[in-house]
Amino acid sequence: TELAFKMMVWSAEYNTKNWKFVGEAMPHSVQIKNSLNGLDFDTDSYSYYLQATYRFFPDWEVSLRRSRYVFDESDKNGEQLEQLLTQQGQQVLAMVNQNPALLQIPEFAELVSQVSSQNLSGDSAYSKTWMLGLGWHISSSMLMRLEYYDITGTSWIPNSDLNTNESTNRDWNMLIMQFSYRF
């Protein structure tokens with residue numbers, strides 16, 4: 001597998017006494033060549049986030065963030081990717097049906113296992129996220145945060161977790177609690 005990745009990052013931040021506004025945009029180009037199953041990608045992708053944070057007490061803040069990731073600008077909701085994955089999976093399984101001896105080749109048997117167990121969904125090609133967070137600066141070196149995420153799309157989820165027999169919901173949530181110590 002060959003991977004070429006080019007990225008540019010645009011970032012801006014504005015602070016006032018009680019408000020902080022941050023935004024980043026990251027256009028990137030991805031080229032993937034995989035000789036084993038013939039999947040080649042040459043896509044222009046992008047991601048961004050916009051975040052506003054309000055300090056309502058000196059040690060307390062609340063944040064709201066909107067983020068978006070798209071693997072392929074020409075396929076913003078993953079519909080074309082889902083069709084491609086389904087076609088590739090059907091081709092691999094048809095090859096096995098025509099010639100079962102192919103399963104004796106370890107690499108091909110692994111590919112068949114991956115194709116037959118994976119969630120063939122285009123939802124892994126994007127994510128749309130809202131985050132609501134609460135932060136408490138316990139001291140100058142300690143911070144505790146609680147963040148709730150409302151997510152559409154599964155691009156955050158590693159492929160190894162998507163390649164299970166369990167179905168993956170394209171709409172999901174996360175609740176994260178974090179404690180950090182700065183030294």
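Higher on the page you've got the structure.
What you see is a predicted model; the values in this text were computed from it and never measured.

Asker: Any details on the overall build of the chain? Residues and values, ideally.
Answerer: Each helix and strand counted, the chain has three helices and eight strands in total. Counting helices and strands in the order they occur from the N terminus, the chain gives β-β-β-β-β-α-α-β-β-α-β. Going through the 183 residues of the chain one by one, you find that 31% of them count as buried. Looking at the chain alone, contacts between residues at least 24 apart form 53% of all its contacts between residues at least 6 apart. Within the structure as shown, the chain displays about 12000 Å² of accessible surface, and the carbon and sulfur contribution to it stands at 55%.

Asker: Which residues make up the side chain of Q51, and what values go with them?
Answerer: Within the secondary structure, Q51 is located in strand β4 (residues 40-57). Every residue in contact with Q51, bar those within four places of it in the chain, is listed here: K20, F21, V22, S63, L64, R65 and M131.

Asker: Lay out the pattern of salt bridges in plain terms, naming residues and giving numbers.
Answerer: Summed over all chains, the structure comprises four salt bridges. In this structure, E147 engages R145 in a salt bridge whose closest nitrogen and oxygen atoms are separated by 2.9 Å. Here E147 matches R145 in class, with each residue buried. A salt bridge links R170 to D171; its shortest N-O distance comes to 4.0 Å. The partly exposed category is assigned to D171, whose relative accessible area is 41%. One salt-bridge network, held together by shared partners, links E61, R145 and E147.

Asker: Break down the environment of S140 for me, citing the residues and quoting the values.
Answerer: Take S140: it is sitting in the loop between β6 (126-139) and β7 (142-152). Here S140 falls in the exposed class, since its relative accessible area comes to 65%. In the structure, S140 is positioned 81 residues away from D59 in sequence and 9.4 Å away in space, judged by C-alpha atoms.

Asker: Give me the layout of surface pockets: which residues, what numbers.
Answerer: Each pocket or cavity is described by its volume, and for the second largest pocket that value is around 230 Å³. Every residue along the wall of the second largest pocket is listed here: K20, V22, Y49, Q51, T53, R55, E61, S63, H137, L143, R145 and E147. Broken down by element, the residue count for the lining of the second largest pocket peaks at four residues, all from β4. The residue inventory of the lining of the second largest pocket, partitioned by class, reads three nonpolar, four polar and five charged.

Asker: Got a sec to walk through the packing of aromatic side chains? Specific residues and values, please.
Answerer: Overall, the coordinates contain six aromatic pairs when judged by the stated rule. Where W19 meets F21, the ring centres are 5.5 Å apart and the plane angle is 5°; that geometry is what we call stacked. Residue classification places W19 among the partly exposed residues on the basis of a relative accessible area of 37%.

Asker: Help me get a handle on the side chain of E147, residues and values and all.
Answerer: If you trace the backbone, E147 turns up in strand β7. Exposure remark for E147: the relative accessible area of 10% places this residue in the buried category. A polar contact of 2.5 Å, which involves the side chain of E147, links it to the side chain of Y149. Apart from residues no more than four positions distant in its own chain, E147 is found in contact with R65, M131, L132, G133, M174, L175 and I176.

Asker: Could you give an account of the pairing of β7, with specific residues and numbers?
Answerer: Sheet topology places β6 next to β7; eleven bridges connect them, and they run antiparallel. Its bridge partner being in β7, G135 is matched across the sheet by R145. Linking β6 back to β7 in an antiparallel pair, the connection comprises two residues. Pairing between β7 and strand β8 (residues 171-181): eleven bridges, direction antiparallel. The partner of Y148 across the bridge, within β8, is L175.

Asker: An account of the environment of L84 is requested, with residue identities and associated values reported.
Answerer: Here L84 shows up in helix α1 (residues 79-98). Spatially, the C-alpha atom of L84 lies 9.9 Å from that of S121, the residues being 37 residues apart in sequence.

Quick notes on the rules
- Residues numbered from 1 in each chain as written.
- Predicted model: local features only at pLDDT ≥ 70, side-chain atom pairs only at ≥ 80, totals over all residues.
- Heavy atoms only, no water.
- Helix = DSSP H or I, 4+ residues; strand = E, 2+ residues; numbered from the N terminus.
- Buried < 20%, exposed > 50% of the residue type's maximum accessible area, 1.4 Å probe, protein only.
- Contact = heavy atoms within 4.5 Å.
- Areas by Shrake-Rupley, 256 points an atom, 1.4 Å probe, with all protein chains shown as cover.
- Salt bridge = Lys/Arg side-chain N within 4 Å of Asp/Glu carboxyl O.
- 1 Å grid on protein atoms, 1.4 Å probe; cavity = no way out; pocket = protein on both sides within 12 Å on 5 of 7 lines; lining within 4 Å.
- Points joined across faces, edges and corners; volume = space filled by probe spheres on them.
- Nonpolar A, V, L, I, M, F, W, Y, C, P; charged D, E, K, R; others polar.
- Phe/Tyr/Trp six-rings, centres within 6.5 Å; stacked < 30°, edge-to-face > 60°.
- Polar contact = N/O pair within 3.5 Å; in protein donor to acceptor, adjacent residues only side chain to side chain.
- Pairing = 2+ DSSP bridges.

Any link to function would need more than the numbers given here.
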